[in-house]
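Chain by chain, the residues:
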Amino acid sequence: QVQLVESGGGLVQAGGSLRLSCAASGTDFSINAMRWYRSAPGKQRELVAFITSGSVTNYVDSVKGRFTISRDNAKNTVYLQMNSLKPEDTGVYYCHALHPYGMSYWGKGTLVTVSS
């Protein structure tokens, strides 16, 4: 059974930083493409960042230069370092794994609140 468990969310002032972690189990983590999504009230869930099995990364324009996604295959963990946080970054952040064979897995999310 595949499990993704996010951690690291919390309340931070604008301009601050947080690092989210997503620990995976039950899957060959290294071959999965990993993604971070976020969901804010009144908005559709959006893809924030992804990292391929080969560690190629990409970001939504609104977080480029502020967020960094990385992975540690030895620890079966993907990270999202978030700097210069803005109130509009507030939301529930979800970890997602996409297996090369098409299986898709979600974590339960971690709440990030950025106060102005």
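The structure we're discussing is the one just above.
This is a predicted model, so every value here is computed, not measured. (Residues numbered from 1 in each chain as written. Predicted model: local features only at pLDDT ≥ 70, side-chain atom pairs only at ≥ 80, totals over all residues. Heavy atoms only, no water.)

> Please give an account of the pairing of strand β9 (residues 91-98) that cites residues and values.
Summarising burial for β9: six of the eight residues are buried, a large majority. Relative to β9, strand β4 (residues 33-39) runs antiparallel, the two being bridged by seven bridges. Pairing of Arg 38 across the sheet is with Tyr 93, part of β9. Direction of pairing for β9 relative to strand β11 (residues 110-115): antiparallel, over a ladder of three bridges. Within the sheet, the bridge partner assigned to Gly 91 lies in β11 and is Val 112. Note: β9 against strand β10 (residues 104-106), three bridges, orientation antiparallel. Along β10, the bridge assignment pairs His 96 with Trp 106. (Buried < 20%, exposed > 50% of the residue type's maximum accessible area, 1.4 Å probe, protein only. Helix = DSSP H or I, 4+ residues; strand = E, 2+ residues; numbered from the N terminus. Pairing = 2+ DSSP bridges.)

> Go over the pairing of strand β8 (residues 77-82), please, and point to the residues and values.
For β8, the tally of buried residues reaches five of six residues, placing the bulk of the element in the interior. Sheet topology note: the strand β3 (residues 18-25)/β8 ladder contains six bridges and is antiparallel. Its bridge partner being in β8, Leu 18 is matched across the sheet by Met 82. Examined bridge by bridge, strand β7 (residues 67-72) and β8 share six bridges and lie antiparallel to one another. Counted as the bridge partner of Phe 67 is Met 82 from β8.

> So what about the pattern of salt bridges? Which residues, and what values?
The tally for this structure, following the rule as stated, stands at four salt bridges. Close ionic contact of Asp 89 with Arg 38 constitutes a salt bridge, the shortest N to O distance being 2.9 Å. Of the two residues, Asp 89 is situated in the loop between β8 and β9 and Arg 38 in strand β4; the sequence distance between them amounts to 51 residues. Comparing Asp 89 with Arg 38, the two get one shared label, buried. Accessibility expressed as a relative area gives 1% for Asp 89, which makes it buried. Linked by salt bridges that have partners in common, Arg 38, Glu 46, Arg 66 and Asp 89 make up one network. (Salt bridge = Lys/Arg side-chain N within 4 Å of Asp/Glu carboxyl O.)

> Now, about unusual backbone geometry: what can you tell me, with residues and values included?
Within the chain, Asn 76 stands out as a residue other than glycine whose phi angle is a positive 55°. Counting through the fold element by element, Asn 76 comes out in the loop between β7 and β8. Residue class for Asn 76 comes out partly exposed when judged on its relative accessible area of 27%. Even without being a glycine, Ser 84 presents a positive backbone phi close to 50°. Its place among the elements puts Ser 84 in the loop between β8 and β9. The class of Ser 84 is partly exposed, set by a relative accessible area of 41%.

> Just give me the short version of the nonpolar core, but keep the residues and values in it.
Counting 25 residues, the largest nonpolar core has Met 34, Trp 36, Val 78, Leu 80, Met 82 and Tyr 93 as its most contacted members. The set of elements that each furnish at least two residues to this core consists of β3, β4, β5 (46-51), β7, β8, β9 and β11. Top contributing element to this core by residue count: β3, with four residues. When residues no more than four places from it in sequence are discounted, the contact partners of Tyr 93 are Glu 6, Leu 20, Trp 36, Tyr 37, Arg 38, Val 48, Phe 67, Leu 80, Met 82, Gly 109, Thr 110 and Val 112. (Core = buried A, V, L, I, M, F, W, Y, C linked by side-chain atoms within 4.5 Å. Contact = heavy atoms within 4.5 Å.)

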